[in-house]
Amino acid sequence: MTSERLGSTVTADAAAGAPGAVTPGVADDGFEYICELDELVPNKIRRSAVGGREIGVVRTVAGVFAIGSSCPHQGGPMCDGAIKGTMEPSDRNEYVFAQEGEVVTCPWHGYEFELKTGASVGGAILGRIGVYQVDVRGTAVFCSSKRIRPQRRRAE
Amino acid sequence: MIFDVDRHVAVQSYSEIFPFMEHSWQKHFERKEFVGSIAESSNHIRVSSRFGDAPESAPALVEADHTLLVPHQALTVNGWADNVAAVVFVEAFNSFAAENWVSEKSAPAIVVSAADPEWSAREITRRAGDGGFGAVALPLGATLAGSKYYDPIYEAASNAGLPIVFHFSGVEGFYDGAPGLGGGIHQTAFSRLVLLPQLAESTITSLAFEGVFERFPQLRVVFSGFGFSWLPSLLWRLDREWRTFRHDVPWVKRVPSEYVLENVWLTTWPLQEATMDDDWHRLFSTETLRSRIVFGSHAPFDGDAPSDVVEQLGETDAALVLGNGAALLPFVSVRA
Ligand code: FES
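Residues numbered from 1 in each chain as written. Chains lettered and ligands numbered in written order. Predicted model: local features only at pLDDT ≥ 70, side-chain atom pairs only at ≥ 80, totals over all residues. Heavy atoms only, no water.

Draft legend 1. Representation of the overall build of chain B within the structure. Helix and strand counts for chain B come out as 17 helices and eight strands. Overall, chain B is about 55 × 45 × 45 Å in size when its C-alpha atoms are taken along their principal axes. With 336 residues in all, chain B has 58% of them scored as buried. Expressed as a percentage of contacts within chain B between residues at least 6 apart in sequence, the contacts between residues at least 24 apart total 79%. Here chain B displays about 13200 Å² of accessible surface, and carbon together with sulfur accounts for 52% of that area. Considering chain B, the positive charge centre built from 24 side chains and the negative charge centre built from 42 side chains are found 5 Å apart. (Helix = DSSP H or I, 4+ residues; strand = E, 2+ residues; numbered from the N terminus. Buried < 20%, exposed > 50% of the residue type's maximum accessible area, 1.4 Å probe, protein only. Contact = heavy atoms within 4.5 Å. Areas by Shrake-Rupley, 256 points an atom, 1.4 Å probe, with all protein chains shown as cover. Lys, Arg positive; Asp, Glu negative; His and termini not counted. Charge placed at Lys NZ, Arg CZ, Asp CG, Glu CD.)

This is the structure in C-alpha coordinates:
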(Lines give C-alpha, C1' and ligand atoms only; values in the text may rest on other atoms or scores of the structure.)
Protein backbone atom coordinates (compact mmCIF):
# COMPACT_ATOMS: atom_id res chain seq x y z
CA MET A 1 0.00 0.00 0.00
CA THR A 2 2.84 2.39 0.69
CA SER A 3 4.09 2.03 -2.85
CA GLU A 4 0.70 3.20 -4.04
CA ARG A 5 1.68 6.73 -3.00
CA LEU A 6 4.53 6.74 -5.51
CA GLY A 7 3.98 7.78 -9.07
CA SER A 8 6.68 5.43 -10.34
CA THR A 9 4.84 2.37 -9.05
CA VAL A 10 1.81 3.40 -11.04
CA THR A 11 3.87 3.66 -14.20
CA ALA A 12 5.11 0.15 -13.53
CA ASP A 13 1.48 -0.95 -13.00
CA ALA A 14 0.46 0.55 -16.28
CA ALA A 15 3.31 -1.10 -18.16
CA ALA A 16 3.07 -4.53 -16.63
CA GLY A 17 -0.61 -4.59 -15.90
CA ALA A 18 -2.13 -6.11 -12.83
CA PRO A 19 -3.47 -9.59 -12.42
CA GLY A 20 -6.92 -9.86 -13.95
CA ALA A 21 -6.66 -6.56 -15.86
CA VAL A 22 -8.88 -6.36 -18.93
CA THR A 23 -6.61 -4.25 -21.12
CA PRO A 24 -3.52 -2.97 -19.36
CA GLY A 25 -1.77 0.00 -20.97
CA VAL A 26 -3.43 2.53 -23.23
CA ALA A 27 -6.81 1.76 -24.78
CA ASP A 28 -7.74 2.76 -28.34
CA ASP A 29 -9.64 5.80 -27.13
CA GLY A 30 -6.60 7.12 -25.27
CA PHE A 31 -7.81 6.08 -21.82
CA GLU A 32 -5.00 4.62 -19.73
CA TYR A 33 -5.20 1.68 -17.42
CA ILE A 34 -4.87 2.68 -13.75
CA CYS A 35 -5.52 -0.41 -11.68
CA GLU A 36 -8.18 -2.90 -10.76
CA LEU A 37 -11.27 -1.39 -9.21
CA ASP A 38 -10.88 -3.41 -6.03
CA GLU A 39 -7.35 -2.12 -5.65
CA LEU A 40 -8.72 1.35 -5.03
CA VAL A 41 -9.04 1.70 -1.29
CA PRO A 42 -12.23 3.67 -0.62
CA ASN A 43 -11.57 7.39 -0.09
CA LYS A 44 -7.84 6.99 -0.59
CA ILE A 45 -6.51 8.99 -3.52
CA ARG A 46 -4.20 6.94 -5.70
CA ARG A 47 -1.46 8.88 -7.43
CA SER A 48 -1.23 7.85 -11.04
CA ALA A 49 0.70 9.00 -14.09
CA VAL A 50 -1.66 9.51 -17.00
CA GLY A 51 -0.48 11.05 -20.27
CA GLY A 52 2.58 12.33 -18.46
CA ARG A 53 0.67 14.14 -15.74
CA GLU A 54 0.06 13.27 -12.18
CA ILE A 55 -3.58 12.48 -11.60
CA GLY A 56 -5.25 11.28 -8.44
CA VAL A 57 -7.82 8.52 -8.85
CA VAL A 58 -10.23 7.85 -6.03
CA ARG A 59 -13.18 5.64 -5.35
CA THR A 60 -15.81 6.99 -3.00
CA VAL A 61 -19.43 6.17 -2.15
CA ALA A 62 -20.36 8.47 -5.00
CA GLY A 63 -18.26 6.82 -7.70
CA VAL A 64 -14.75 6.77 -9.13
CA PHE A 65 -13.14 10.14 -9.86
CA ALA A 66 -9.89 11.50 -11.22
CA ILE A 67 -8.45 14.87 -10.20
CA GLY A 68 -5.42 16.98 -10.95
CA SER A 69 -2.74 16.86 -8.28
CA SER A 70 -2.31 20.59 -7.72
CA CYS A 71 -4.60 22.91 -5.78
CA PRO A 72 -5.52 26.12 -7.65
CA HIS A 73 -5.07 28.12 -4.44
CA GLN A 74 -1.38 27.76 -3.69
CA GLY A 75 -0.49 24.46 -5.29
CA GLY A 76 -1.27 22.19 -2.35
CA PRO A 77 -0.95 18.44 -3.06
CA MET A 78 -4.51 17.40 -3.84
CA CYS A 79 -3.56 13.70 -3.86
CA ASP A 80 -3.07 14.07 -0.09
CA GLY A 81 -6.51 15.61 0.21
CA ALA A 82 -9.40 14.19 2.21
CA ILE A 83 -12.65 12.90 0.74
CA LYS A 84 -15.73 14.33 2.38
CA GLY A 85 -19.25 15.58 2.03
CA THR A 86 -20.15 19.15 2.75
CA MET A 87 -22.80 21.47 4.11
CA GLU A 88 -25.01 22.88 1.41
CA PRO A 89 -25.91 26.57 1.43
CA SER A 90 -28.73 26.76 3.94
CA ASP A 91 -30.83 29.05 6.09
CA ARG A 92 -29.30 30.66 9.14
CA ASN A 93 -28.33 28.25 11.91
CA GLU A 94 -29.31 25.20 9.88
CA TYR A 95 -27.01 22.51 8.55
CA VAL A 96 -27.84 20.44 5.49
CA PHE A 97 -25.21 17.78 4.95
CA ALA A 98 -24.93 16.54 1.38
CA GLN A 99 -22.56 15.44 -1.38
CA GLU A 100 -21.09 12.60 0.68
CA GLY A 101 -18.03 11.34 -1.19
CA GLU A 102 -18.29 14.09 -3.81
CA VAL A 103 -15.93 16.59 -2.22
CA VAL A 104 -12.17 16.68 -1.78
CA THR A 105 -10.43 19.11 0.55
CA CYS A 106 -6.93 20.40 0.05
CA PRO A 107 -4.52 19.44 2.85
CA TRP A 108 -3.00 22.89 3.01
CA HIS A 109 -5.89 25.29 3.72
CA GLY A 110 -8.86 22.98 3.57
CA TYR A 111 -10.54 24.47 0.51
CA GLU A 112 -13.26 22.17 -0.80
CA PHE A 113 -13.61 21.12 -4.42
CA GLU A 114 -16.25 19.06 -6.17
CA LEU A 115 -14.84 15.79 -7.47
CA LYS A 116 -17.27 15.81 -10.40
CA THR A 117 -16.65 19.30 -11.72
CA GLY A 118 -13.47 20.47 -10.00
CA ALA A 119 -15.28 23.63 -8.93
CA SER A 120 -14.68 25.23 -5.58
CA VAL A 121 -17.61 24.33 -3.30
CA GLY A 122 -19.88 27.29 -2.63
CA GLY A 123 -17.82 29.47 -4.96
CA ALA A 124 -15.15 30.00 -2.30
CA ILE A 125 -12.54 30.65 -4.98
CA LEU A 126 -12.72 31.04 -8.73
CA GLY A 127 -10.00 28.49 -9.46
CA ARG A 128 -10.85 24.82 -9.83
CA ILE A 129 -8.96 21.58 -9.69
CA GLY A 130 -8.50 19.55 -12.85
CA VAL A 131 -10.98 16.71 -13.30
CA TYR A 132 -10.57 13.86 -15.77
CA GLN A 133 -12.80 11.18 -17.23
CA VAL A 134 -12.64 7.82 -15.54
CA ASP A 135 -14.12 4.66 -16.93
CA VAL A 136 -14.52 1.34 -15.21
CA ARG A 137 -14.20 -1.34 -17.86
CA GLY A 138 -15.04 -4.71 -16.43
CA THR A 139 -12.93 -4.85 -13.30
CA ALA A 140 -10.39 -2.30 -14.46
CA VAL A 141 -10.23 1.44 -13.96
CA PHE A 142 -9.18 3.59 -16.90
CA CYS A 143 -8.56 7.31 -16.97
CA SER A 144 -8.21 9.88 -19.70
CA SER A 145 -5.57 12.59 -19.53
CA LYS A 146 -7.93 15.06 -21.18
CA ARG A 147 -9.38 17.54 -18.71
CA ILE A 148 -13.15 17.69 -18.47
CA ARG A 149 -13.93 21.24 -19.47
CA PRO A 150 -16.01 23.16 -16.96
CA GLN A 151 -19.60 23.62 -18.02
CA ARG A 152 -20.70 27.19 -18.14
CA ARG A 153 -23.88 26.50 -16.35
CA ARG A 154 -24.68 23.71 -14.00
CA ALA A 155 -28.01 22.08 -14.69
CA GLU A 156 -30.23 22.47 -11.64
CA MET B 1 -23.48 67.98 -0.19
CA ILE B 2 -22.21 67.27 3.29
CA PHE B 3 -23.70 64.53 5.45
CA ASP B 4 -22.54 64.43 9.05
CA VAL B 5 -23.46 60.96 10.27
CA ASP B 6 -22.13 61.33 13.80
CA ARG B 7 -22.95 64.41 15.79
CA HIS B 8 -23.77 64.25 19.47
CA VAL B 9 -26.62 65.83 21.36
CA ALA B 10 -27.30 65.82 25.09
CA VAL B 11 -29.67 67.11 27.70
CA GLN B 12 -28.27 69.38 30.38
CA SER B 13 -30.23 67.69 33.13
CA TYR B 14 -32.10 64.42 33.24
CA SER B 15 -35.07 66.31 34.62
CA GLU B 16 -35.57 67.52 31.02
CA ILE B 17 -36.80 64.07 30.04
CA PHE B 18 -39.07 63.57 33.07
CA PRO B 19 -42.11 65.17 31.40
CA PHE B 20 -41.91 62.37 28.82
CA MET B 21 -42.38 59.53 31.27
CA GLU B 22 -45.25 58.35 33.46
CA HIS B 23 -45.56 60.22 36.73
CA SER B 24 -44.70 57.16 38.84
CA TRP B 25 -41.57 56.43 36.84
CA GLN B 26 -40.62 60.08 37.13
CA LYS B 27 -40.86 59.71 40.91
CA HIS B 28 -38.73 56.60 40.71
CA PHE B 29 -36.03 58.41 38.77
CA GLU B 30 -36.10 61.54 40.93
CA ARG B 31 -33.17 60.61 43.09
CA LYS B 32 -29.71 61.98 43.42
CA GLU B 33 -27.93 58.85 42.30
CA PHE B 34 -29.77 58.97 38.98
CA VAL B 35 -30.05 62.69 38.36
CA GLY B 36 -26.47 63.13 39.51
CA SER B 37 -25.22 60.38 37.21
CA ILE B 38 -25.61 62.68 34.22
CA ALA B 39 -22.07 63.88 34.79
CA GLU B 40 -20.86 60.29 34.40
CA SER B 41 -22.79 59.49 31.26
CA SER B 42 -22.17 62.79 29.53
CA ASN B 43 -18.46 62.88 29.04
CA HIS B 44 -19.02 60.14 26.58
CA ILE B 45 -16.07 57.94 27.28
CA ARG B 46 -15.73 58.33 30.99
CA VAL B 47 -12.42 60.07 30.99
CA SER B 48 -12.84 62.37 33.95
CA SER B 49 -13.13 66.02 33.09
CA ARG B 50 -11.80 65.37 29.63
CA PHE B 51 -14.57 67.45 28.16
CA GLY B 52 -15.46 69.36 31.30
CA ASP B 53 -18.15 68.39 33.77
CA ALA B 54 -21.17 69.90 32.06
CA PRO B 55 -23.01 67.74 29.53
CA GLU B 56 -21.84 68.57 26.03
CA SER B 57 -24.17 68.91 23.10
CA ALA B 58 -23.15 69.95 19.62
CA PRO B 59 -25.23 72.44 17.70
CA ALA B 60 -25.94 71.36 14.14
CA LEU B 61 -22.94 71.68 11.88
CA VAL B 62 -23.60 74.77 9.83
CA GLU B 63 -21.96 73.48 6.66
CA ALA B 64 -23.74 70.14 6.82
CA ASP B 65 -26.78 69.63 4.64
CA HIS B 66 -27.95 66.67 6.69
CA THR B 67 -26.92 65.52 10.13
CA LEU B 68 -27.58 62.43 12.17
CA LEU B 69 -27.76 63.25 15.85
CA VAL B 70 -26.69 60.63 18.39
CA PRO B 71 -28.02 61.14 21.94
CA HIS B 72 -25.02 59.54 23.59
CA GLN B 73 -26.37 59.83 27.15
CA ALA B 74 -29.13 57.38 26.26
CA LEU B 75 -26.63 54.88 24.89
CA THR B 76 -25.31 54.24 28.39
CA VAL B 77 -28.23 51.91 29.16
CA ASN B 78 -25.94 49.10 28.00
CA GLY B 79 -24.31 49.41 31.41
CA TRP B 80 -27.56 49.49 33.41
CA ALA B 81 -28.50 46.65 35.72
CA ASP B 82 -32.22 47.57 35.63
CA ASN B 83 -33.30 46.85 32.08
CA VAL B 84 -36.93 47.69 32.80
CA ALA B 85 -36.02 51.19 33.91
CA ALA B 86 -33.60 51.42 30.97
CA VAL B 87 -36.44 51.09 28.50
CA VAL B 88 -38.47 53.81 30.25
CA PHE B 89 -35.42 56.10 30.22
CA VAL B 90 -34.68 55.50 26.56
CA GLU B 91 -38.31 55.92 25.53
CA ALA B 92 -38.48 59.25 27.34
CA PHE B 93 -35.24 60.26 25.65
CA ASN B 94 -36.70 59.45 22.24
CA SER B 95 -39.79 61.53 23.01
CA PHE B 96 -37.58 64.42 24.08
CA ALA B 97 -35.57 64.00 20.88
CA ALA B 98 -38.70 64.08 18.72
CA GLU B 99 -39.73 67.39 20.25
CA ASN B 100 -36.35 69.07 20.48
CA TRP B 101 -33.84 67.73 18.01
CA VAL B 102 -35.74 67.15 14.81
CA SER B 103 -35.21 69.83 12.23
CA GLU B 104 -35.20 70.08 8.49
CA LYS B 105 -31.49 69.38 8.38
CA SER B 106 -30.99 67.08 11.31
CA ALA B 107 -32.55 63.90 12.53
CA PRO B 108 -31.86 62.17 15.83
CA ALA B 109 -31.37 58.42 16.09
CA ILE B 110 -34.05 56.37 17.84
CA VAL B 111 -32.21 54.82 20.78
CA VAL B 112 -33.23 51.28 21.69
CA SER B 113 -32.08 48.72 24.23
CA ALA B 114 -30.06 45.60 23.48
CA ALA B 115 -31.60 44.04 26.59
CA ASP B 116 -35.12 44.15 25.13
CA PRO B 117 -35.33 43.45 21.38
CA GLU B 118 -39.14 43.06 21.37
CA TRP B 119 -39.71 46.45 22.96
CA SER B 120 -37.01 47.94 20.73
CA ALA B 121 -38.75 46.68 17.60
CA ARG B 122 -42.03 48.26 18.69
CA GLU B 123 -40.26 51.51 19.51
CA ILE B 124 -38.60 51.60 16.08
CA THR B 125 -41.88 51.00 14.26
CA ARG B 126 -43.71 53.61 16.31
CA ARG B 127 -41.05 56.35 16.05
CA ALA B 128 -40.44 55.68 12.38
CA GLY B 129 -44.17 56.06 11.83
CA ASP B 130 -44.10 59.43 13.58
CA GLY B 131 -41.23 60.57 11.34
CA GLY B 132 -38.28 62.84 12.05
CA PHE B 133 -35.80 60.14 13.04
CA GLY B 134 -32.84 59.21 10.86
CA ALA B 135 -31.51 55.93 12.27
CA VAL B 136 -31.71 53.42 15.09
CA ALA B 137 -28.93 53.57 17.67
CA LEU B 138 -28.48 50.14 19.19
CA PRO B 139 -26.18 50.22 22.23
CA LEU B 140 -23.76 47.29 22.15
CA GLY B 141 -25.10 44.45 24.28
CA ALA B 142 -23.45 41.46 25.88
CA THR B 143 -24.90 39.24 23.16
CA LEU B 144 -23.06 39.68 19.87
CA ALA B 145 -24.90 41.51 17.12
CA GLY B 146 -25.06 38.53 14.75
CA SER B 147 -27.32 36.57 17.08
CA LYS B 148 -30.91 35.82 16.08
CA TYR B 149 -31.79 37.44 19.38
CA TYR B 150 -31.67 40.83 17.63
CA ASP B 151 -33.79 39.81 14.65
CA PRO B 152 -36.84 41.80 15.81
CA ILE B 153 -34.69 44.96 15.86
CA TYR B 154 -33.16 44.30 12.44
CA GLU B 155 -36.51 43.47 10.97
CA ALA B 156 -38.14 46.63 12.30
CA ALA B 157 -35.21 48.78 11.14
CA SER B 158 -35.28 47.16 7.69
CA ASN B 159 -39.00 47.70 7.38
CA ALA B 160 -38.67 51.30 8.51
CA GLY B 161 -35.78 51.87 6.07
CA LEU B 162 -33.59 53.17 8.89
CA PRO B 163 -29.93 52.23 9.33
CA ILE B 164 -28.64 50.77 12.59
CA VAL B 165 -25.94 52.83 14.26
CA PHE B 166 -23.45 51.21 16.57
CA HIS B 167 -21.65 53.75 18.71
CA PHE B 168 -19.94 52.94 21.97
CA SER B 169 -21.48 54.45 25.06
CA GLY B 170 -18.24 54.49 27.01
CA VAL B 171 -19.07 51.73 29.47
CA GLU B 172 -17.87 48.90 27.21
CA GLY B 173 -15.04 46.90 28.68
CA PHE B 174 -16.02 48.21 32.08
CA TYR B 175 -19.64 47.51 33.07
CA ASP B 176 -21.36 44.18 33.00
CA GLY B 177 -24.05 44.02 30.34
CA ALA B 178 -21.94 45.90 27.84
CA PRO B 179 -19.45 43.88 25.81
CA GLY B 180 -15.99 43.37 27.21
CA LEU B 181 -12.73 44.20 25.49
CA GLY B 182 -10.20 41.59 24.48
CA GLY B 183 -7.68 40.57 27.09
CA GLY B 184 -9.50 41.75 30.17
CA ILE B 185 -10.51 44.84 32.07
CA HIS B 186 -8.25 47.78 31.54
CA GLN B 187 -7.31 50.10 34.35
CA THR B 188 -8.00 53.36 32.64
CA ALA B 189 -10.71 54.88 30.51
CA PHE B 190 -8.21 55.94 27.89
CA SER B 191 -6.86 52.42 27.42
CA ARG B 192 -10.45 51.33 26.83
CA LEU B 193 -10.89 54.17 24.36
CA VAL B 194 -7.76 53.12 22.48
CA LEU B 195 -9.13 49.59 22.11
CA LEU B 196 -12.73 50.33 21.13
CA PRO B 197 -12.12 49.39 17.48
CA GLN B 198 -12.04 45.80 18.75
CA LEU B 199 -15.78 46.04 19.32
CA ALA B 200 -16.48 47.09 15.76
CA GLU B 201 -14.29 44.29 14.40
CA SER B 202 -15.99 41.81 16.67
CA THR B 203 -19.47 43.04 15.75
CA ILE B 204 -18.79 43.05 11.99
CA THR B 205 -17.40 39.51 12.22
CA SER B 206 -20.49 38.37 14.07
CA LEU B 207 -22.89 40.07 11.62
CA ALA B 208 -21.05 38.58 8.64
CA PHE B 209 -20.59 35.00 9.85
CA GLU B 210 -23.97 34.65 11.51
CA GLY B 211 -25.73 35.50 8.28
CA VAL B 212 -27.56 38.66 9.34
CA PHE B 213 -27.20 40.27 5.91
CA GLU B 214 -28.36 37.13 4.18
CA ARG B 215 -31.49 37.25 6.36
CA PHE B 216 -31.93 41.05 6.14
CA PRO B 217 -30.40 42.11 2.82
CA GLN B 218 -31.85 45.62 3.14
CA LEU B 219 -30.29 46.24 6.54
CA ARG B 220 -27.76 49.08 6.63
CA VAL B 221 -25.36 49.26 9.54
CA VAL B 222 -23.00 52.07 10.43
CA PHE B 223 -20.14 51.87 12.91
CA SER B 224 -19.51 55.21 14.44
CA GLY B 225 -16.43 56.41 16.25
CA PHE B 226 -14.44 53.19 15.92
CA GLY B 227 -12.10 54.36 13.18
CA PHE B 228 -11.90 52.36 9.99
CA SER B 229 -8.27 51.88 8.97
CA TRP B 230 -8.48 48.27 10.18
CA LEU B 231 -11.31 47.39 7.79
CA PRO B 232 -9.31 46.06 4.80
CA SER B 233 -7.29 43.63 6.91
CA LEU B 234 -10.43 42.46 8.72
CA LEU B 235 -12.19 41.80 5.41
CA TRP B 236 -9.19 39.85 4.17
CA ARG B 237 -9.24 37.71 7.30
CA LEU B 238 -12.99 37.12 7.09
CA ASP B 239 -12.69 35.93 3.52
CA ARG B 240 -9.65 33.83 4.10
CA GLU B 241 -11.20 31.84 6.95
CA TRP B 242 -14.54 31.55 5.16
CA ARG B 243 -12.81 29.90 2.22
CA THR B 244 -11.62 27.16 4.55
CA PHE B 245 -14.58 26.96 6.94
CA ARG B 246 -17.52 27.84 4.69
CA HIS B 247 -19.14 24.52 5.61
CA ASP B 248 -19.32 25.67 9.23
CA VAL B 249 -21.36 28.72 8.22
CA PRO B 250 -23.20 27.45 5.13
CA TRP B 251 -25.72 30.26 5.47
CA VAL B 252 -22.98 32.66 4.40
CA LYS B 253 -23.50 32.10 0.72
CA ARG B 254 -21.07 34.64 -0.66
CA VAL B 255 -17.60 35.80 0.29
CA PRO B 256 -18.27 37.57 3.61
CA SER B 257 -16.55 40.79 2.55
CA GLU B 258 -19.21 41.19 -0.13
CA TYR B 259 -21.94 41.49 2.49
CA VAL B 260 -19.89 43.93 4.53
CA LEU B 261 -19.11 46.04 1.49
CA GLU B 262 -22.82 46.21 0.66
CA ASN B 263 -24.40 46.60 4.09
CA VAL B 264 -21.85 48.26 6.37
CA TRP B 265 -20.51 51.82 6.61
CA LEU B 266 -18.02 53.39 9.02
CA THR B 267 -17.67 56.98 10.10
CA THR B 268 -14.45 58.89 9.61
CA TRP B 269 -13.45 59.70 13.16
CA PRO B 270 -10.61 59.46 13.95
CA LEU B 271 -9.61 60.16 10.39
CA GLN B 272 -5.98 60.74 11.12
CA GLU B 273 -5.28 57.13 12.02
CA ALA B 274 -6.18 56.18 8.46
CA THR B 275 -4.25 58.90 6.71
CA MET B 276 -0.81 58.50 8.25
CA ASP B 277 1.78 56.89 5.99
CA ASP B 278 -0.57 57.42 3.08
CA ASP B 279 -2.68 54.49 4.35
CA TRP B 280 -5.86 55.94 2.89
CA HIS B 281 -4.55 55.83 -0.66
CA ARG B 282 -2.75 52.57 -0.17
CA LEU B 283 -5.48 50.58 1.58
CA PHE B 284 -8.66 52.24 0.40
CA SER B 285 -7.72 51.79 -3.19
CA THR B 286 -11.07 50.66 -4.56
CA GLU B 287 -14.19 52.70 -5.15
CA THR B 288 -16.18 50.17 -3.13
CA LEU B 289 -13.97 50.51 -0.07
CA ARG B 290 -14.00 54.29 -0.30
CA SER B 291 -17.79 54.27 -0.59
CA ARG B 292 -18.04 52.70 2.90
CA ILE B 293 -16.51 55.63 4.72
CA VAL B 294 -18.92 58.36 5.74
CA PHE B 295 -18.13 61.66 7.35
CA GLY B 296 -18.91 61.82 11.06
CA SER B 297 -17.73 64.93 12.86
CA HIS B 298 -18.02 63.32 16.31
CA ALA B 299 -18.62 66.84 17.61
CA PRO B 300 -18.56 68.17 20.27
CA PHE B 301 -15.97 65.61 21.32
CA ASP B 302 -12.58 65.64 19.73
CA GLY B 303 -13.48 65.01 16.13
CA ASP B 304 -12.95 66.14 12.58
CA ALA B 305 -14.40 69.12 10.78
CA PRO B 306 -15.07 69.01 7.03
CA SER B 307 -11.94 71.13 6.56
CA ASP B 308 -9.90 68.39 8.30
CA VAL B 309 -11.28 65.86 5.84
CA VAL B 310 -10.28 68.03 2.88
CA GLU B 311 -6.86 68.62 4.36
CA GLN B 312 -6.22 64.93 4.98
CA LEU B 313 -7.84 63.29 1.97
CA GLY B 314 -7.52 65.94 -0.69
CA GLU B 315 -10.41 67.64 -2.49
CA THR B 316 -11.65 64.71 -4.55
CA ASP B 317 -11.77 62.01 -1.90
CA ALA B 318 -12.99 64.48 0.70
CA ALA B 319 -15.95 65.37 -1.50
CA LEU B 320 -16.72 61.69 -1.80
CA VAL B 321 -16.48 60.94 1.92
CA LEU B 322 -18.38 64.06 2.96
CA GLY B 323 -21.20 63.03 0.64
CA ASN B 324 -21.16 59.25 1.22
CA GLY B 325 -23.66 59.58 4.06
CA ALA B 326 -26.36 60.03 1.43
CA ALA B 327 -26.50 56.23 1.29
CA LEU B 328 -27.48 56.16 4.94
CA LEU B 329 -29.71 59.14 5.33
CA PRO B 330 -31.97 59.17 2.29
CA PHE B 331 -34.81 59.62 4.72
CA VAL B 332 -33.41 62.95 5.80
CA SER B 333 -32.82 64.16 2.28
CA VAL B 334 -36.36 63.24 1.27
CA ARG B 335 -37.72 65.16 4.19
CA ALA B 336 -35.70 68.30 3.49
S1 FES C 1 -3.21 25.36 -1.40
FE2 FES C 1 -5.00 24.27 -1.44
S3 FES C 1 -6.28 25.32 -0.09
FE4 FES C 1 -4.50 26.49 -0.12
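Draft legend 2. Seen up close, the overall build of chain A. Helices and strands together make up the secondary structure of chain A, namely one helix and nine strands. Pairs at least 24 residues apart make up 45% of the contacts formed inside chain A by residues separated by at least 6 positions.

Draft legend 3. Looking closely at the sheet that holds strand β3 (residues 53-60) of chain A. Residues and elements named next belong to chain A. Spatial ordering of the open sheet is given by β1-β9-β8-β4-β3-β2, a layout of six strands whose pairing is antiparallel. Two strands in the sheet have a free side with no partner beyond their single neighbour: β1 (32-36) and β2 (46-50). Neighbouring strand axes in the sheet, compared pairwise and without regard to direction, differ in orientation by 35 degrees on average. In terms of strand pairing, β3 meets strand β4 (residues 63-68) through six bridges, oriented antiparallel. If you follow glycine 56 over to β4, its bridge partner there is isoleucine 67. (Pairing = 2+ DSSP bridges. Axes fitted to C-alpha atoms, helices over the stretch in contact; angles between N-to-C directions.)

Draft legend 4. Up close: the pattern of salt bridges. All names here are of chain B. Counted by the stated rule, this structure contains 16 salt bridges over all chains. Where lysine 27 meets glutamate 30, a salt bridge forms, and the shortest distance between an N and an O atom there is 3.0 Å. Here lysine 27 falls in the partly exposed class, since its relative accessible area comes to 46%. Among the residues examined, glutamate 30 registers a relative accessible area of 37% and is labelled partly exposed. For arginine 240, the salt bridge identified is with glutamate 241, shortest N-O distance 2.7 Å. Assessed through its relative accessible area of 37%, arginine 240 is described here as partly exposed. Via salt bridges that share partners, Glu91, Glu123, Arg126 and Arg127 belong to a single interconnected network. (Salt bridge = Lys/Arg side-chain N within 4 Å of Asp/Glu carboxyl O.)

Draft legend 5. Just the side chain of B:Thr275, in detail. Residue and element names in this part refer to chain B. For threonine 275, the location among the structural elements is in helix α13 (residues 272-275). Look at threonine 275 and you get buried, because its relative accessible area is 18%. When residues no more than four places from it in sequence are discounted, the contact partners of threonine 275 are Trp280, Gln312 and Leu313.

Draft legend 6. Layout of the packing of aromatic side chains. Residues and elements named next belong to chain B. In the structure shown here, the tally under the stated rule is 25 aromatic pairs over all chains. Aromatic side chains phenylalanine 29 and phenylalanine 34 sit 4.6 Å apart centroid to centroid with 40 degrees between the ring planes, which places their arrangement in the tilted category. A relative accessible area of 3% means that phenylalanine 29 is categorised as buried. Each residue in the set Tyr14, Phe18, Phe20, Trp25, Phe29, Phe34, Trp80, Phe89, Phe93, Phe96 and Trp101 is aromatic and connected to the rest through ring pairs, giving one cluster. The ring of phenylalanine 174 has arginine 192 lying over it, and the distance from NZ or CZ to the ring centre is 3.8 Å. (Phe/Tyr/Trp six-rings, centres within 6.5 Å; stacked < 30°, edge-to-face > 60°. Lys NZ or Arg CZ within 6 Å of the ring centre and 35° of its normal.)

Draft legend 7. Structural detail: unusual backbone geometry. Residue and element names in this part refer to chain B. Backbone torsion omega between tryptophan 269 and proline 270 reads -5 degrees, so that peptide bond is classified as cis. With respect to the helices and strands, the residue proline 270 is situated in the loop between β7 (264-267) and α13. Of note, the amide linkage connecting alanine 299 to proline 300 takes the cis form, showing an omega dihedral of 10 degrees. Looking at the element boundaries, proline 300 is found in the loop between β8 (293-294) and α16 (306-323). Even without a glycine there, the phi angle at aspartate 277 is positive, about 50 degrees. Considering the arrangement of structural elements, one finds aspartate 277 in the loop between α13 and α14 (279-283). What makes aspartate 277 exposed here is its relative accessible area of 65%. A positive phi angle, near 65 degrees, is found at histidine 298, a position not held by glycine. With respect to the helices, strands and loops of the structure, histidine 298 is situated in the loop between β8 and α16.

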